[in-house]
Amino acid sequence: MDAPVDLRSDFLTRPTPAMQAAMAAAAAAPAHFGLREDPRQQALERRAADLLGMEDALLFPTCTMANEVALMLLTTPGDLVLAPPRPHVVTSEAGAPAALAGVAVVELSGDGACPPAAAWHEAAGAVHDELKPRVAALVLENTHNRSGGLPVNVAGTQGVIAVARAKGLRAHLDGSRLFNAAVACRVTPGALCEGFDTVAISLNKGLGAPLGAMLAGSSALIARAIVLRQRLGGGIRPTGIVSAAGLVALDDWAHLSDDHDRARSLALGLAGLRGVRVDIDAVRTNIVVATITVDDAPAGNACARLASHGVLALPFGTGRLRLVTYRGIGDDDIARAVAAFRAAFT
Ligand SMILES: Cc1ncc(COP(=O)(O)O)c(C=O)c1O
(Lines give C-alpha, C1' and ligand atoms only; values in the text may rest on other atoms or scores of the structure.)
Protein backbone atom coordinates (compact mmCIF):
# COMPACT_ATOMS: atom_id res chain seq x y z
CA MET A 1 0.00 0.00 0.00
CA ASP A 2 1.21 3.55 -0.77
CA ALA A 3 2.47 5.70 2.12
CA PRO A 4 -0.24 8.12 3.28
CA VAL A 5 -0.33 11.63 1.84
CA ASP A 6 0.69 13.54 4.96
CA LEU A 7 -0.74 17.08 4.89
CA ARG A 8 -0.55 17.75 8.63
CA SER A 9 2.32 20.26 8.47
CA ASP A 10 5.00 21.72 6.23
CA PHE A 11 7.63 20.78 8.81
CA LEU A 12 7.44 17.35 7.17
CA THR A 13 9.46 18.75 4.24
CA ARG A 14 12.60 16.69 3.63
CA PRO A 15 15.98 18.38 3.02
CA THR A 16 16.93 18.80 -0.65
CA PRO A 17 19.98 17.04 -2.14
CA ALA A 18 21.82 20.42 -1.98
CA MET A 19 21.01 20.68 1.72
CA GLN A 20 22.07 17.10 2.34
CA ALA A 21 25.38 17.75 0.57
CA ALA A 22 25.94 20.93 2.62
CA MET A 23 25.18 19.04 5.84
CA ALA A 24 27.51 16.20 4.87
CA ALA A 25 30.33 18.69 4.19
CA ALA A 26 29.68 20.37 7.55
CA ALA A 27 29.71 16.99 9.29
CA ALA A 28 33.17 16.35 7.88
CA ALA A 29 34.51 19.78 8.97
CA PRO A 30 35.85 20.56 12.44
CA ALA A 31 33.29 21.47 15.12
CA HIS A 32 33.55 24.79 16.97
CA PHE A 33 33.21 25.47 20.67
CA GLY A 34 31.79 28.99 21.07
CA LEU A 35 28.12 29.95 20.93
CA ARG A 36 28.65 31.94 17.71
CA GLU A 37 31.99 30.63 16.54
CA ASP A 38 31.07 28.27 13.71
CA PRO A 39 31.70 30.01 10.35
CA ARG A 40 28.57 28.44 8.84
CA GLN A 41 26.47 29.73 11.70
CA GLN A 42 28.07 33.16 11.32
CA ALA A 43 27.25 33.15 7.60
CA LEU A 44 23.68 32.01 8.31
CA GLU A 45 23.15 34.70 10.93
CA ARG A 46 24.55 37.40 8.62
CA ARG A 47 22.42 36.19 5.70
CA ALA A 48 19.24 36.12 7.81
CA ALA A 49 19.90 39.61 9.20
CA ASP A 50 20.45 40.98 5.69
CA LEU A 51 17.36 39.28 4.25
CA LEU A 52 15.18 40.58 7.06
CA GLY A 53 16.74 44.07 7.07
CA MET A 54 17.95 43.82 10.67
CA GLU A 55 21.34 44.50 12.29
CA ASP A 56 21.82 41.00 13.63
CA ALA A 57 20.20 37.57 13.81
CA LEU A 58 20.66 34.55 16.07
CA LEU A 59 20.13 30.84 15.43
CA PHE A 60 17.46 29.14 17.56
CA PRO A 61 16.35 25.50 17.76
CA THR A 62 12.67 26.43 17.29
CA CYS A 63 10.52 29.37 16.30
CA THR A 64 8.59 28.93 19.55
CA MET A 65 11.75 29.68 21.52
CA ALA A 66 12.58 32.63 19.25
CA ASN A 67 9.07 34.07 19.79
CA GLU A 68 9.31 33.67 23.54
CA VAL A 69 12.76 35.23 23.79
CA ALA A 70 11.38 38.15 21.76
CA LEU A 71 8.55 38.62 24.26
CA MET A 72 11.05 38.50 27.12
CA LEU A 73 13.19 41.12 25.37
CA LEU A 74 10.37 43.54 24.60
CA THR A 75 8.33 43.43 27.82
CA THR A 76 8.59 43.28 31.60
CA PRO A 77 6.53 40.93 33.78
CA GLY A 78 3.01 42.22 34.32
CA ASP A 79 2.74 43.79 30.87
CA LEU A 80 0.10 43.13 28.23
CA VAL A 81 0.91 42.16 24.63
CA LEU A 82 -1.61 42.71 21.81
CA ALA A 83 -2.01 40.06 19.12
CA PRO A 84 -4.34 39.05 16.29
CA PRO A 85 -6.99 36.40 17.06
CA ARG A 86 -5.65 32.94 17.90
CA PRO A 87 -1.93 33.64 17.53
CA HIS A 88 0.57 30.79 17.75
CA VAL A 89 2.04 32.33 20.93
CA VAL A 90 -1.34 31.62 22.57
CA THR A 91 -2.61 28.51 20.80
CA SER A 92 0.55 26.43 20.70
CA GLU A 93 3.34 27.64 22.99
CA ALA A 94 2.19 25.90 26.18
CA GLY A 95 1.46 29.09 28.12
CA ALA A 96 4.99 30.43 27.64
CA PRO A 97 4.09 34.15 27.43
CA ALA A 98 2.76 33.95 31.00
CA ALA A 99 5.19 31.33 32.27
CA LEU A 100 8.40 32.78 30.81
CA ALA A 101 7.86 36.48 30.03
CA GLY A 102 5.19 37.01 32.72
CA VAL A 103 2.87 38.74 30.25
CA ALA A 104 -0.75 38.28 29.23
CA VAL A 105 -1.57 38.22 25.54
CA VAL A 106 -4.70 40.16 24.56
CA GLU A 107 -6.20 38.75 21.37
CA LEU A 108 -7.98 41.26 19.17
CA SER A 109 -11.28 40.04 17.78
CA GLY A 110 -12.06 39.19 14.17
CA ASP A 111 -11.55 36.44 11.63
CA GLY A 112 -8.66 37.53 9.45
CA ALA A 113 -4.91 37.59 9.85
CA CYS A 114 -4.60 41.20 10.90
CA PRO A 115 -7.27 43.34 12.58
CA PRO A 116 -7.56 46.90 11.22
CA ALA A 117 -5.23 49.59 12.59
CA ALA A 118 -8.11 51.20 14.49
CA ALA A 119 -8.62 47.98 16.50
CA TRP A 120 -4.95 47.90 17.55
CA HIS A 121 -5.16 51.59 18.39
CA GLU A 122 -8.19 51.13 20.60
CA ALA A 123 -6.74 48.07 22.33
CA ALA A 124 -3.53 49.96 23.10
CA GLY A 125 -5.63 52.29 25.26
CA ALA A 126 -5.44 56.01 25.80
CA VAL A 127 -3.25 57.38 28.59
CA HIS A 128 -1.44 55.01 30.89
CA ASP A 129 -3.30 54.32 34.10
CA GLU A 130 -1.07 53.13 36.98
CA LEU A 131 -3.86 50.88 38.24
CA LYS A 132 -3.82 48.85 35.01
CA PRO A 133 -1.24 46.66 33.34
CA ARG A 134 0.84 48.46 30.74
CA VAL A 135 0.33 47.53 27.08
CA ALA A 136 3.98 47.12 26.18
CA ALA A 137 4.14 45.37 22.84
CA LEU A 138 2.26 43.79 19.97
CA VAL A 139 2.82 40.61 17.99
CA LEU A 140 1.85 40.14 14.37
CA GLU A 141 1.84 36.69 12.74
CA ASN A 142 2.66 36.52 9.03
CA THR A 143 1.41 34.28 7.57
CA HIS A 144 -1.32 33.75 10.14
CA ASN A 145 -1.73 30.06 10.84
CA ARG A 146 -5.23 29.92 12.33
CA SER A 147 -6.81 31.94 9.54
CA GLY A 148 -5.49 29.36 7.09
CA GLY A 149 -2.15 30.92 6.21
CA LEU A 150 -3.44 34.36 5.22
CA PRO A 151 -0.58 36.76 4.46
CA VAL A 152 -0.50 40.34 5.72
CA ASN A 153 0.70 42.73 3.00
CA VAL A 154 2.97 45.74 3.47
CA ALA A 155 0.04 48.13 3.87
CA GLY A 156 -1.22 45.90 6.69
CA THR A 157 2.11 45.58 8.46
CA GLN A 158 2.81 49.30 8.14
CA GLY A 159 -0.61 50.14 9.56
CA VAL A 160 0.21 48.09 12.64
CA ILE A 161 3.71 49.56 12.92
CA ALA A 162 2.25 53.09 12.75
CA VAL A 163 0.07 52.25 15.77
CA ALA A 164 3.07 50.80 17.62
CA ARG A 165 5.00 54.03 16.98
CA ALA A 166 2.09 56.27 17.97
CA LYS A 167 1.47 54.31 21.18
CA GLY A 168 5.08 53.64 22.12
CA LEU A 169 4.70 49.85 21.80
CA ARG A 170 7.45 47.44 20.84
CA ALA A 171 6.62 45.15 17.91
CA HIS A 172 7.47 41.50 17.29
CA LEU A 173 6.78 39.64 14.06
CA ASP A 174 6.15 35.90 14.28
CA GLY A 175 7.28 35.21 10.73
CA SER A 176 7.47 31.46 11.04
CA ARG A 177 6.10 31.41 7.46
CA LEU A 178 7.30 34.88 6.45
CA PHE A 179 8.70 33.63 3.14
CA ASN A 180 5.27 32.28 2.17
CA ALA A 181 3.87 35.73 2.90
CA ALA A 182 6.59 37.40 0.82
CA VAL A 183 5.89 35.10 -2.13
CA ALA A 184 2.12 35.62 -1.86
CA CYS A 185 2.46 39.41 -1.60
CA ARG A 186 5.24 39.56 -4.23
CA VAL A 187 7.54 41.58 -1.99
CA THR A 188 10.90 40.91 -0.34
CA PRO A 189 10.83 39.34 3.14
CA GLY A 190 12.56 42.50 4.39
CA ALA A 191 9.70 44.69 3.21
CA LEU A 192 7.35 42.82 5.55
CA CYS A 193 9.74 43.28 8.50
CA GLU A 194 10.17 47.04 8.32
CA GLY A 195 9.60 48.76 11.66
CA PHE A 196 9.49 45.60 13.80
CA ASP A 197 11.90 45.39 16.74
CA THR A 198 12.26 41.63 16.38
CA VAL A 199 11.40 39.03 13.73
CA ALA A 200 11.32 35.24 14.16
CA ILE A 201 11.43 32.92 11.14
CA SER A 202 11.46 29.14 10.74
CA LEU A 203 14.16 27.43 8.71
CA ASN A 204 12.22 24.19 8.64
CA LYS A 205 8.58 24.19 7.42
CA GLY A 206 8.38 25.26 3.76
CA LEU A 207 12.07 26.19 3.58
CA GLY A 208 12.90 22.57 4.25
CA ALA A 209 15.79 22.61 6.73
CA PRO A 210 15.60 19.71 9.18
CA LEU A 211 15.31 22.13 12.10
CA GLY A 212 16.08 25.65 13.20
CA ALA A 213 14.74 29.18 13.44
CA MET A 214 16.23 32.67 13.55
CA LEU A 215 15.51 35.71 15.69
CA ALA A 216 16.54 39.01 14.11
CA GLY A 217 16.71 42.48 15.63
CA SER A 218 19.10 45.22 16.66
CA SER A 219 22.61 44.29 17.76
CA ALA A 220 21.72 45.28 21.32
CA LEU A 221 18.60 43.09 21.42
CA ILE A 222 20.39 40.09 19.92
CA ALA A 223 23.22 40.47 22.47
CA ARG A 224 20.57 40.08 25.21
CA ALA A 225 18.85 37.30 23.26
CA ILE A 226 22.00 35.16 23.46
CA VAL A 227 21.73 35.14 27.26
CA LEU A 228 17.98 34.43 27.29
CA ARG A 229 18.36 31.65 24.71
CA GLN A 230 21.05 30.07 26.90
CA ARG A 231 18.80 30.36 29.95
CA LEU A 232 16.11 28.39 28.11
CA GLY A 233 18.58 25.75 27.00
CA GLY A 234 18.63 26.85 23.39
CA GLY A 235 22.35 27.43 22.94
CA ILE A 236 22.83 24.49 20.58
CA ARG A 237 26.39 23.38 19.84
CA PRO A 238 27.92 22.32 17.57
CA THR A 239 25.91 24.25 14.98
CA GLY A 240 27.72 23.53 11.72
CA ILE A 241 25.34 20.89 10.36
CA VAL A 242 22.12 22.74 11.12
CA SER A 243 23.60 26.05 9.93
CA ALA A 244 24.74 24.52 6.65
CA ALA A 245 21.18 23.36 5.95
CA GLY A 246 19.75 26.71 7.03
CA LEU A 247 22.03 28.62 4.66
CA VAL A 248 20.82 26.57 1.71
CA ALA A 249 17.21 27.05 2.88
CA LEU A 250 17.54 30.85 3.00
CA ASP A 251 18.72 30.97 -0.60
CA ASP A 252 16.06 28.65 -1.98
CA TRP A 253 12.47 29.68 -1.38
CA ALA A 254 11.04 30.76 -4.75
CA HIS A 255 9.62 27.21 -4.97
CA LEU A 256 7.10 28.12 -2.25
CA SER A 257 4.84 29.40 -5.03
CA ASP A 258 4.48 25.75 -6.18
CA ASP A 259 3.16 24.87 -2.72
CA HIS A 260 0.71 27.77 -2.95
CA ASP A 261 -0.47 26.61 -6.39
CA ARG A 262 -1.00 23.08 -5.09
CA ALA A 263 -2.92 24.35 -2.06
CA ARG A 264 -5.20 26.20 -4.45
CA SER A 265 -5.69 23.09 -6.63
CA LEU A 266 -6.51 21.12 -3.51
CA ALA A 267 -9.00 23.78 -2.39
CA LEU A 268 -10.65 23.86 -5.82
CA GLY A 269 -10.89 20.07 -5.84
CA LEU A 270 -12.45 19.98 -2.36
CA ALA A 271 -14.82 22.86 -3.06
CA GLY A 272 -16.48 20.72 -5.73
CA LEU A 273 -17.41 18.00 -3.23
CA ARG A 274 -20.60 17.57 -1.26
CA GLY A 275 -19.95 17.31 2.47
CA VAL A 276 -16.90 19.60 2.41
CA ARG A 277 -16.75 23.41 2.49
CA VAL A 278 -13.69 25.46 1.58
CA ASP A 279 -13.31 29.23 1.26
CA ILE A 280 -11.24 29.42 -1.91
CA ASP A 281 -10.48 33.13 -1.48
CA ALA A 282 -8.91 32.40 1.91
CA VAL A 283 -6.35 30.04 0.33
CA ARG A 284 -3.50 32.44 -0.35
CA THR A 285 -0.45 30.41 0.67
CA ASN A 286 0.17 26.75 1.53
CA ILE A 287 -2.64 26.09 4.01
CA VAL A 288 -6.17 24.89 3.25
CA VAL A 289 -8.85 24.81 5.93
CA ALA A 290 -11.71 22.46 5.07
CA THR A 291 -14.96 22.32 7.02
CA ILE A 292 -16.71 18.99 7.06
CA THR A 293 -20.44 19.48 6.75
CA VAL A 294 -21.40 15.82 7.13
CA ASP A 295 -23.11 15.76 10.53
CA ASP A 296 -21.45 12.72 12.04
CA ALA A 297 -17.87 13.78 11.28
CA PRO A 298 -16.53 16.31 13.79
CA ALA A 299 -12.84 17.11 13.26
CA GLY A 300 -11.31 14.20 15.24
CA ASN A 301 -13.46 11.57 13.54
CA ALA A 302 -13.02 13.28 10.22
CA CYS A 303 -9.25 12.89 10.51
CA ALA A 304 -9.59 9.21 11.33
CA ARG A 305 -11.97 8.69 8.42
CA LEU A 306 -9.63 10.50 6.06
CA ALA A 307 -6.65 8.54 7.38
CA SER A 308 -8.45 5.30 6.53
CA HIS A 309 -8.43 6.57 2.94
CA GLY A 310 -4.70 7.32 3.03
CA VAL A 311 -4.63 11.06 3.81
CA LEU A 312 -3.46 12.68 7.06
CA ALA A 313 -4.87 16.06 8.14
CA LEU A 314 -4.79 18.07 11.37
CA PRO A 315 -7.95 18.70 13.44
CA PHE A 316 -8.44 22.49 13.43
CA GLY A 317 -11.51 23.24 15.54
CA THR A 318 -15.01 21.81 15.42
CA GLY A 319 -15.61 20.21 12.05
CA ARG A 320 -12.49 21.83 10.58
CA LEU A 321 -9.33 20.26 9.19
CA ARG A 322 -6.00 21.87 8.28
CA LEU A 323 -4.16 20.63 5.18
CA VAL A 324 -0.70 21.98 4.38
CA THR A 325 1.25 21.64 1.14
CA TYR A 326 5.04 21.58 0.98
CA ARG A 327 7.88 20.42 -1.25
CA GLY A 328 7.39 16.68 -1.52
CA ILE A 329 3.64 16.97 -2.03
CA GLY A 330 3.07 16.64 -5.77
CA ASP A 331 0.11 16.94 -8.12
CA ASP A 332 -0.64 13.22 -7.76
CA ASP A 333 -0.82 13.63 -3.97
CA ILE A 334 -3.33 16.44 -4.42
CA ALA A 335 -5.43 14.18 -6.66
CA ARG A 336 -5.21 11.40 -4.03
CA ALA A 337 -6.27 13.82 -1.31
CA VAL A 338 -9.33 14.98 -3.24
CA ALA A 339 -10.27 11.36 -3.96
CA ALA A 340 -9.89 10.49 -0.27
CA PHE A 341 -12.21 13.34 0.78
CA ARG A 342 -14.73 12.20 -1.81
CA ALA A 343 -14.60 8.63 -0.52
CA ALA A 344 -14.71 9.67 3.15
CA PHE A 345 -17.38 12.35 3.20
CA THR A 346 -19.66 12.28 0.19
C1 LIG B 1 2.85 30.84 13.15
C2 LIG B 1 3.81 29.94 13.87
N3 LIG B 1 4.68 30.47 14.72
C4 LIG B 1 5.57 29.71 15.39
C5 LIG B 1 5.61 28.35 15.20
C6 LIG B 1 6.57 27.53 16.03
O7 LIG B 1 7.52 26.86 15.31
P8 LIG B 1 8.38 25.69 15.98
O9 LIG B 1 7.64 24.44 15.72
O10 LIG B 1 9.70 25.78 15.28
O11 LIG B 1 8.51 26.00 17.42
C12 LIG B 1 4.71 27.75 14.31
C13 LIG B 1 4.73 26.28 14.12
O14 LIG B 1 3.94 25.70 13.45
C15 LIG B 1 3.78 28.56 13.63
O16 LIG B 1 2.87 28.03 12.80
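For every chain, the first residue of the written sequence is number 1, and numbering continues from 1 along that sequence. This being a predicted model, a pLDDT of at least 70 is required before a residue's local features are given, and a value of 80 or more before pairs of side-chain atoms are given or counted; all residues contribute to the totals for chains, interfaces and linings. Each side-chain value is derived from all of the structure's non-hydrogen atoms; neither hydrogens nor water enter the calculation.

### Some points on the pairing of strand E6 (residues 170-175)
Operational definition: Each residue is placed in one exposure class: buried if its accessible area under a 1.4 Å probe, protein chains only, is under 20% of its type's maximum, exposed if it is over 50%, and partly exposed if it falls in between. Helix numbers and strand numbers start at the N terminus; a helix is a DSSP run of H or I with at least 4 residues, a strand a run of E with at least 2. In this scheme, strands are said to pair when DSSP sees at least two bridges between them. Note on handedness: a crossover is taken as right-handed if, strands pointing away from the viewer, the path from the first strand over the helix to the second is clockwise.
Counting buried positions along E6 gives five out of six residues, so the element sits mostly inside the fold. Pairing of strand E5 (residues 135-141) with E6, which is carried by five bridges, proceeds in the parallel orientation. Directly across from Leu-138, in E6, lies its bridge partner Ala-171. Strand direction decides the pairing type here: E6 and strand E7 (residues 198-202), joined by four bridges, are parallel. Paired with Asp-174 across the bridge in E7 is Ala-200. A crossover connection joins E6 to the parallel E7 through helix H8 (residues 178-185); in handedness this β-α-β unit is right-handed.

### Focus on the site of the ligand
Definition in use: By convention in this text, a residue qualifies as near a molecule or strand provided that one of its non-hydrogen atoms is within 4 Å of it. Think of a polar contact as two N or O atoms within 3.5 Å of one another; within protein, one of them needs to be a possible hydrogen donor and the other a possible acceptor, and neighboring residues in sequence only count if both atoms come from side chains.
Neighbouring residues of the ligand: Thr-62, Cys-63, Thr-64, Asn-67, His-88, Glu-141, Asp-174, Ser-176, Arg-177 and Lys-205. Here an oxygen atom of the ligand and a backbone polar atom of Cys-63 are 2.9 Å apart. Contacts to the ligand include Arg-177, whose side-chain N or O atom sits 2.9 Å from an oxygen atom. Per-element tally for the shell around the ligand: the top contributor is helix H3 (residues 63-74), with three residues.

### Description of the sheet that holds strand E13 (residues 320-324)
Formally: Contacts are assigned to residue pairs that have any heavy atoms within 4.5 Å of one another. As a rule, the C-alpha atoms of each element are fitted with a line to give its axis, helices using only the stretch in contact, and angles between N-to-C directions run from 0 to 180 degrees.
Reading across from one edge, E9-E10-E13-E12 is the order of the four strands in this open sheet, with antiparallel pairing throughout. Looking at the sheet topology across the chains shown, the edges are occupied by strand E9 (276-278) and strand E12 (314-315). Pairing between E12 and E13: two bridges, direction antiparallel. By the bridge assignment, Leu-314 is partnered in E13 with Arg-322. Its contacts with the sheet place helix H11 (residues 256-271) against E9, strand E10 (287-292) and E13, and it is angled at close to 15° to E10. In this fold helix H13 (residues 331-345) packs onto E9, E10 and E13, with an angle of close to 15° to the strand it touches most, E10.

### A closer look at the nonpolar core
As a rule of thumb, nonpolar side chains are buried together in soluble globular proteins. Operational definition: Among buried residues, the Ala, Val, Leu, Ile, Met, Phe, Trp, Tyr and Cys ones that are joined through side-chain atoms within 4.5 Å form a nonpolar core.
Formed by 50 residues in total, the largest nonpolar core has its most connected members in Val-199 and Leu-250. Apart from residues lying up to four places away in sequence, Leu-250 is in contact with Leu-44, Arg-47, Ala-48, Leu-51, Phe-179, Ile-201, Leu-203 and Leu-207. In this structure, Ala-267, Leu-270, Ala-313 and Ala-337 belong to the second largest nonpolar core, which totals 30 residues.

### Observations concerning empty space enclosed by the protein
Heads up, the condition is: Grid spacing is 1 Å over the protein atoms alone, the probe is 1.4 Å, and a cavity is where that probe fits but cannot get out, while a pocket is an open set with protein on both sides within 12 Å along at least five of seven lines and lining residues have an atom within 4 Å of a point. Grid points are joined across faces, edges and corners, and a volume is the space filled by probe spheres set on the points. Residue classes follow a fixed rule: Ala, Val, Leu, Ile, Met, Phe, Trp, Tyr, Cys and Pro count as nonpolar, while Asp, Glu, Lys and Arg count as charged, and any other residue, Gly among them, counts as polar.
Following the criterion strictly, the structure yields one cavity of 30 Å³ or more and no others. Here the largest cavity defines a volume of roughly 40 Å³. Every residue lining the largest cavity is listed: Ser-176, Arg-177, Leu-178, Phe-179, Asn-180, Ser-202, Asn-204, Lys-205, Gly-206 and Leu-207. Residue composition of the lining of the largest cavity, by class: three nonpolar, five polar and two charged.

### Quick notes on the domain arrangement of the protein chain
Convention followed: Domain start and stop positions are those given by an automatic or database domain assignment. Simply put, the buried area is the total loss of 1.4 Å probe accessible area from both parts when two parts are fitted together. Salt bridges, as used here, are contacts in which a Lys or Arg side-chain nitrogen is within 4 Å of a carboxyl oxygen on Asp or Glu.
For the protein chain, the assigned domains are domain 1 (5-12 + 255-345) and domain 2 (17-250). Just the C-alpha atoms count here: the centres of domain 1 and domain 2 sit 27 Å apart. Facing the 17 residues of domain 1 at the interface are 19 residues of domain 2. Carbon and sulfur atoms supply 53% of the area that domain 1 and domain 2 bury against each other, a total of about 1,500 Å² over both sides. On the surface where domain 1 and domain 2 come into contact, there are one salt bridge.

### Topic: the environment of Met-23
Among the structural elements, Met-23 can be located in helix H1 (residues 17-28). Note: C-alpha distance between Met-23 and Ser-243 (220 residues apart in sequence) is 8.3 Å. Once residues within four sequence positions are removed from consideration, Met-23 is found in contact with Pro-15, Pro-210, Ile-241, Ala-244 and Ala-245.

### Focus: unusual backbone geometry
Peptide bonds are, in most cases, trans, and in most cases residues other than glycine have a negative phi. Note the cis peptide between Asn-142 and Thr-143, where omega equals 0°. Here Thr-143 lies in the loop between E5 and helix H7 (154-167). With omega at -5°, the peptide bond leading from Arg-237 into Pro-238 counts as cis. Looking at the secondary structure, you find Pro-238 in the loop between helix H9 (219-231) and helix H10 (240-250).

### Looking at the side chain of Thr-75
As for its placement among the helices and strands, Thr-75 is situated in the loop between H3 and strand E3 (80-83). A relative accessible area of 9% means that Thr-75 is categorised as buried. Within the structure, the side chain of Thr-75 is placed 2.5 Å from the backbone oxygen of Leu-71, a separation counted as a polar contact. When sequence neighbours within four positions are dropped, the list of residues in contact with Thr-75 reads Val-81, Ala-101, Val-103, Ala-136 and Ala-137.

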